[in-house]
Number of protein chains: 4
Amino acid sequence: MSSQFESSDPDFQARVERSFAEQAVMQLIDASLTLVEPGQVVIELPYREDLCQQDGFIHAGISSTIMDSACGYAAFTLMPAEARVLTIEFKINLLAPAAGDRFRAIGKVRKAGRSVSVAESELHAVSAGGDKLIATMVGTLMTVRPQ
Amino acid sequence: MSSQFESSDPDFQARVERSFAEQAVMQLIDASLTLVEPGQVVIELPYREDLCQQDGFIHAGISSTIMDSACGYAAFTLMPAEARVLTIEFKINLLAPAAGDRFRAIGKVRKAGRSVSVAESELHAVSAGGDKLIATMVGTLMTVRPQ
Amino acid sequence: MSSQFESSDPDFQARVERSFAEQAVMQLIDASLTLVEPGQVVIELPYREDLCQQDGFIHAGISSTIMDSACGYAAFTLMPAEARVLTIEFKINLLAPAAGDRFRAIGKVRKAGRSVSVAESELHAVSAGGDKLIATMVGTLMTVRPQ
Amino acid sequence: MSSQFESSDPDFQARVERSFAEQAVMQLIDASLTLVEPGQVVIELPYREDLCQQDGFIHAGISSTIMDSACGYAAFTLMPAEARVLTIEFKINLLAPAAGDRFRAIGKVRKAGRSVSVAESELHAVSAGGDKLIATMVGTLMTVRPQ
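Below: a short report on this structure. Note that the structure is predicted; figures quoted are calculated from it, not measured.

1. Looking at the interface of chain B and chain A
So, point 1. With 34 residues of chain B at the interface, the matching set in chain A holds 34 residues.
So, point 2. For the pair chain B and chain A, the summed buried area comes to about 2,600 Å², and 54% of that belongs to carbon and sulfur atoms.
So, point 3. The tally of links from chain B across to chain A stands at four salt bridges.
So, point 4. For D55 of chain A, the salt bridge identified is with R84 of chain B, shortest N-O distance 3.1 Å.
So, point 5. Our count for the chain B to chain A interface comes out at 16 residue pairs in polar contact (both at pLDDT 80 or more).
So, point 6. Among the secondary structure elements, those contributing two or more residues to the side of chain B that touches chain A are α2 (24-28), α3 (60-76) and β3 (84-94) of chain B.

2. A few points about the packing of aromatic side chains
So, point 1. Scanning the entire structure with this criterion turns up ten aromatic pairs over all chains.
So, point 2. Ring plane angle 50 degrees and centroid distance 6.4 Å describe the contact between F90 of chain C and F90 of chain D, whose orientation is recorded as tilted. With F90 of chain C in strand β3 (residues 84-94) and F90 of chain D in strand β3 (residues 84-94), this residue pair bridges two chains. When sorted by exposure, F90 of chain C lands in the same class as F90 of chain D, which is buried.
So, point 3. Put simply, the rings of F20, Y73 and F76 of chain A pair up and form one aromatic cluster.
So, point 4. Directly above the aromatic system of F76 of chain B lies the positively charged group of R15 of chain B, at a separation of 4.6 Å from the ring centroid.

3. Some remarks on the environment of K132 of chain C
Residue and element names in this part refer to chain C.
So, point 1. Along the polypeptide, K132 turns up in strand β6 (residues 130-144).
So, point 2. Considered as a pair, K132 and A99 are 33 residues apart in the sequence and their alpha carbons are 9.7 Å apart.
So, point 3. The contact partners of K132, leaving out residues within four places of it in the chain, are A96, L123, H124 and A125.

4. Some points on the pattern of salt bridges
Residue and element names in this part refer to chain A.
So, point 1. Going through the model one piece at a time under the given rule, you end up with 48 salt bridges over all chains.
So, point 2. For the salt bridge of R102 with E44, the shortest nitrogen-to-oxygen distance reads 3.3 Å. Of this pair, R102 sits in strand β4 (residues 102-111) while E44 sits in strand β2 (residues 40-46), placing them 58 residues apart in sequence.
So, point 3. Classification of E44 by relative accessible area gives buried; the value is 12%.
So, point 4. With a closest N to O distance of 2.9 Å, D50 and R48 form a salt bridge.
So, point 5. Looking at D50, the relative accessible area reads 27%, which means it is partly exposed.

5. Looking at the interface of chain D and chain C
So, point 1. Tallying the contact residues gives 34 residues for chain D and 34 residues for chain C.
So, point 2. Summed over both partners, the interface of chain D with chain C comes to about 2,600 Å²; 54% of that surface belongs to carbon and sulfur atoms.
So, point 3. Scanning the region where chain D abuts chain C turns up four salt bridges.
So, point 4. Measuring nitrogen to oxygen at the nearest pair gives 3.0 Å for the salt bridge that ties E89 of chain D to K91 of chain C.
So, point 5. At the junction of chain D with chain C, the criterion picks out 16 residue pairs in polar contact (both at pLDDT 80 or more).
So, point 6. Of all the secondary-structure elements, those providing two or more residues to the side of chain D that touches chain C are α2 (24-29), α3 (60-76) and β3 of chain D.
So, point 7. For the side of chain D that touches chain C, the element with the most residues is β3 of chain D, which contributes ten residues.

Rules used throughout
Residues numbered from 1 in each chain as written. Chains lettered and ligands numbered in written order. Predicted model: local features only at pLDDT ≥ 70, side-chain atom pairs only at ≥ 80, totals over all residues. Heavy atoms only, no water. Contact = heavy atoms within 4.5 Å. Buried area = accessible area lost by both parts, 1.4 Å probe. Salt bridge = Lys/Arg side-chain N within 4 Å of Asp/Glu carboxyl O. Polar contact = N/O pair within 3.5 Å; in protein donor to acceptor, adjacent residues only side chain to side chain. Helix = DSSP H or I, 4+ residues; strand = E, 2+ residues; numbered from the N terminus. Phe/Tyr/Trp six-rings, centres within 6.5 Å; stacked < 30°, edge-to-face > 60°. Buried < 20%, exposed > 50% of the residue type's maximum accessible area, 1.4 Å probe, protein only. Lys NZ or Arg CZ within 6 Å of the ring centre and 35° of its normal.

The structure is reproduced here in structure tokens:
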């Protein structure tokens, strides 16, 4: 994949992977980081009944969990090595029920600012029948530098 | 607590409790429903390390999980007995890190419409030092009637 | 432009143009509708000092005016001939100050539902130096059918 | 009105009034600033046909114009004298059609941060029949200090 972005930090992939490994909730839900490129990351999640709401679909909060991290780490790839990333807000639109075998959250930076960045993520449900867009998110991220 | 709302369904509390019990994800994260009144519900969550992001705070997606259900069930209290509730979108603002012993999501209906409702939730972190507002959400909910 | 959408109403262009002509605020601000295709519309606005905020940039509310109509009419192109369109909510992210000679709001449907649709719009500032993305919006639209 | 906030700048009212007077768009639409207190401002707008959308209601973008300024100036009351305020994003929920004689946008700070603040505004339609809540907004504002 080509990208309009370049990272100023040659170590950005390892930095994202390290941070992702420290997100304990990702192990709880079995999410994995499957792509890290400048300005873009992908997080995948298998379907599990214990992640569901009352109708047997993945709960919107669990979808938000991987979509928020996809936005955050997409922005994080472009931040300086010493910075931390902080979500200040996000909005999610649920386009279809979260039914499928696996779910893929694709996060992309829309604008990389010095202190404020905007990223978007899409959530796709993957099943034998193919790939379906089921949710979109837009989030605002802060670059937090050491004082 | 008094409320500006009345439910047309005398059985609304049992209906919300039944649906909440069917949200498997709530058991995974140990969330419990602690108040159900017309147009308002409260969901509580104890702190657990395995719900956290990389800095040891509850992940925004887990906060979203209980806040979305708080919005949804607040709206559900005012829906007819045969309806289902569906979140179509929400937005969350993260005001402070999710640190604390317990977390309390308070969902309230802002507007109850025939097909579209708007609800808001606040997330409070509870610890020895007191109670602190750490996030706000606004969500749009659909009333889905059997065809 | 090709599109993934088709309109069931052969008269959708005239229908959108008629409705746009009835939006009196568009005349007040000199906005014009420059493209209408299935699932997509473009609205343009020239810079005017009396549309500005305190720093001489177009006010975010005026940007919202053309971006909301771009979302709404994009959704409207796919609605049945007898329906009205209603915005139920939108969110805007302001990526850069609204400086430029002209502004172009490009609205596209993301999901066309029977009663609820989701559309997105981008706002571009156009000047001698080129074209710059300055804001993004996501909106939720309702199809309102005659009773 | 009492408030949980105090302004560090004794001149905050004059500062808000000066900035509001520089928002040319407020004169175009006849909006006026009717209250400025620490963490809260009110902006009012009379109904005018040339501010309307196709059904004779005030366009959501015009509602956004006064609601965004109400959020922004509420946050601005709490900023240091030398700072500027910048909206980075907002979300609006439209609860009812904007019909009425006058409209009142009440903006209140929810969280005042050093660089990022969150404010909310309500829009009320005022007519002979009384006062009705017709829209809610939540916005994120940046404090921009001179370099």
